[in-house]
Amino acid sequence: MGRIEINHSADFSAERIRQGIAGQWLGRNLIWKETTESTNRDAALLAGEKPVHGTVIVADCQTGGKGRRGRSWTSPAGVNLYFSILMKPEMETDKISTITLVTALAVAEALREKEVDVQIKWPNDIVIHGRKLAGILTELKLLEKKKAYVITGIGINVNQTEFPEDLQENAVSLALETGRNWNRSILLCDILKRLEERYDRFFETGDLSFCLKEYEALLANRGRNVMVMEPSGAYAGVALGIDERGRLLVQREDGTVASVYAGEVSVRGIYGYV
Ligand code: BTN
């Protein structure tokens, strides 16, 4: 593939994004940062000031991007999307974390509308042909009286064409996949619109009943051999789907079905488990 010309930041600015926001509440309060340590960290700090529900913090570059399980998220300037959403749902805190699967579904749907053949690796990695395109880090910031802000941080490899050596095998970007450069402001606004639609339904139901079929249709793990790594040990099985609380249903070799809540799950053929 030839080198892709990237017009680094003309496409991407607070102004462009504000012009494109189409929803009622998500991103109406937009905070733009040229460079920051981590938009999730900024969101956690901001939560103490009780910002409006649906505040979005976007950065062009992160110097300390955070990934799941204490990993880092490579966040070079001028090429990708890094943003965090702050929400204060009227919902019990033990239900809120399911929002991470709703987020993955909405991001995947927005990309599929643009003819990119993404799938979801449970619970919330967005993958293309076995490589990771986007990751989601959901964190809770507890307030008084059992209320909490939920922070969903989303990182999408958009126009990045070179990755550090340790990521080369498992990471992909939209530009590498499609052979063209993407306008990040338009992409972000389209994703926010889809997220708002999905979040509105989730806040009504409090579980995944409204989107179970759609999520499962995009689940890369479904019907595949998976390896579940839990603190008590690892076991193999076949992923059947998810339940309304977002747990992965795994049929073990002895026929019993386990509901996996938080363990690490590797899928044969998708980074990590071969
Ligand atoms: C993962 O490990 O898959 C989750 C990656 C999440 C990265 C995003 S980028 C925007 C937000 N800010 C962060 O520091 N992390 C998330």
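Quick summary incoming for the structure in this document. The model shown is predicted, which means the values in this text are computed figures rather than measured ones.

Okay, the nonpolar core next. Counting residues in hydrophobic clusters, the biggest one holds 66 residues, and the most contacted among them are F83, I85, I126, I156 and L195. For this core, the element with the highest residue contribution is helix 4 (residues 99–113), accounting for 10 residues. There are two domains that each give this core at least three residues, and those are domain 1 (14–216) and domain 2 (221–267). Discounting residues that sit within four places of it in the chain, I156 has contacts with N80, L81, F83, V107, L133, A134 and I191. Listed in part, the eight residues of the second largest apolar core include A47, I57, L86 and Y149.

What follows is about the packing of aromatic side chains. Throughout the structure, instances matching the rule amount to five aromatic pairs. Relative to F203, the ring of Y199 has its centre 6.1 Å away and its plane inclined at 25 degrees; by these criteria the two rings are stacked. Here Y199 pairs with F203, and both are found in helix 6 (residues 184–205), just four residues apart, close to one helical turn. By relative accessible area, which is 24% here, F203 ends up partly exposed. One aromatic cluster is present, built from ring pairs that chain together W25, Y199, F202 and F203. Sitting over the face of the ring of W182, R180 holds its NZ or CZ atom 3.9 Å from the ring centroid. A cation over a ring is seen here: R252 above Y235, with NZ or CZ 4.3 Å from the ring centre.

Rules used throughout
Residues numbered from 1 in each chain as written. Predicted model: local features only at pLDDT ≥ 70, side-chain atom pairs only at ≥ 80, totals over all residues. Heavy atoms only, no water. Core = buried A, V, L, I, M, F, W, Y, C linked by side-chain atoms within 4.5 Å. Buried < 20%, exposed > 50% of the residue type's maximum accessible area, 1.4 Å probe, protein only. Helix = DSSP H or I, 4+ residues; strand = E, 2+ residues; numbered from the N terminus. Domains from an automatic or database assignment. Contact = heavy atoms within 4.5 Å. Phe/Tyr/Trp six-rings, centres within 6.5 Å; stacked < 30°, edge-to-face > 60°. Lys NZ or Arg CZ within 6 Å of the ring centre and 35° of its normal.

By themselves these figures say nothing about function.
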